[in-house]
Amino acid sequence: MELTRRDFQLFDRSSTAFKQLKAVLTEKEITAVKAEYKERWEKWRALQLAVFPLLPLEMDQGRPKIESWTNGWNLRSHFWAAYRSRSRQQENACLAVLMNKKQYQVYLMFQHYRSDERAGSIADYNHLLALLPQWGRGIDPADYYIWPQSEDELADHLPLVRYLEDEKARQKLHEAIGKGTFQIGKLFFADEPLSAPEAVTATALQELAPLYQAAAAEIDQS
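Residues numbered from 1 in each chain as written. Predicted model: local features only at pLDDT ≥ 70, side-chain atom pairs only at ≥ 80, totals over all residues. Heavy atoms only, no water.

**A few points about the pattern of salt bridges**
- For the structure on display, the rule yields nine salt bridges.
- Taking the shortest distance from any N to any O, the salt bridge between Arg-76 and Glu-67 comes out at 3.7 Å.
- Here Glu-67 falls in the partly exposed class, since its relative accessible area comes to 23%.
- Within the structure, one salt-bridge network assembled from shared partners comprises Asp-7, Arg-40 and Lys-43. (Salt bridge = Lys/Arg side-chain N within 4 Å of Asp/Glu carboxyl O. Buried < 20%, exposed > 50% of the residue type's maximum accessible area, 1.4 Å probe, protein only.)

**What about helix H7 (residues 167-177)?**
- Of the residues making up H7, those classed as buried are Ala-169, Leu-173 and Ile-177. With its buried residues spanning 80 degrees around the axis, H7 presents them on a single face. Set apart from the buried face of H7 by more than 90 degrees, the exposed residues are Lys-168, Lys-172 and Glu-175.
- Looking at the buried positions of H7, the neighbouring elements they touch are helix H4 (122-126), strand S6 (144-148), strand S7 (158-159), helix H6 (160-165) and strand S8 (182-189).
- Where H7 begins, the side chain of Asp-166 points an oxygen toward the backbone nitrogen of Lys-168, at a separation of 3.0 Å.
- Where H7 terminates, the next one or two residues include Gly-178, which has phi positive at roughly 55 degrees. (Helix = DSSP H or I, 4+ residues; strand = E, 2+ residues; numbered from the N terminus. Arc of directions from axis to C-beta. Contact = heavy atoms within 4.5 Å. Polar contact = N/O pair within 3.5 Å; in protein donor to acceptor, adjacent residues only side chain to side chain.)

**Remarks on the sheet that holds strand S2 (residues 65-66)**
- In space, the seven strands of this open sheet follow the order S2-S3-S4-S5-S8-S6-S7, with antiparallel pairing throughout. One side of each edge strand has no neighbouring strand; the edge strands of this open sheet are S2 and S7.
- Bridge count between S6 and S8: five bridges; the pairing is antiparallel. By the bridge assignment, Pro-148 is partnered in S8 with Phe-182.
- Along the sheet, helix H3 (residues 27-51) contacts S2, strand S3 (79-83), strand S4 (93-99) and strand S5 (103-110); its crossing angle with S3, the most-contacted strand, is approximately 20 degrees.
- Across the sheet, H7 lies against S6, S7 and S8, angled at about 45 degrees from S6, the strand it touches most. (Pairing = 2+ DSSP bridges. Axes fitted to C-alpha atoms, helices over the stretch in contact; angles between N-to-C directions.)

Shown next as structure tokens:
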């Protein structure tokens, strides 16, 4: 499998709301848009299901939760899937994979949606920031970025190398995080085809696994 520019271009549209689409497109055109979304989503789903068996048993990963291509009223502006270990299904921290019109990203996140129904506080999760220098020595940080959860997903995120080496950049990011959380992950941009995305995704998930496991340990100790 390969992700090409065409896969990313699916999300490059001025409107994703069906109500707005109906105002500018014919029924035939809307049907064609839906068909393309379904086709691309099936490729996305197949990709994530191909990643799942590549992960080592010690990660104890459950089957990924793959978000639908529509919420009923809107086409998605991205495709998204969450990875949680089998014993950590009800915790806020998770590994995730996302693709929008700009990039394909494999990252660690705190899921704020319905967070009161799951375990793990924002404070516990943000303790992971202290672990990043040590964790960063065990990976090649070149393709990694870190950003506040509140930052637009299409923004130019802070390279992890700069975060680790530049104290001012680090302080600025911490201020931007504020009472929220951060996300950290490996990004692959739409201007270059992504070959063997299954293996690339599995590798990045394994690199992020120590941080994910540390988030779980924070819950156990609290």
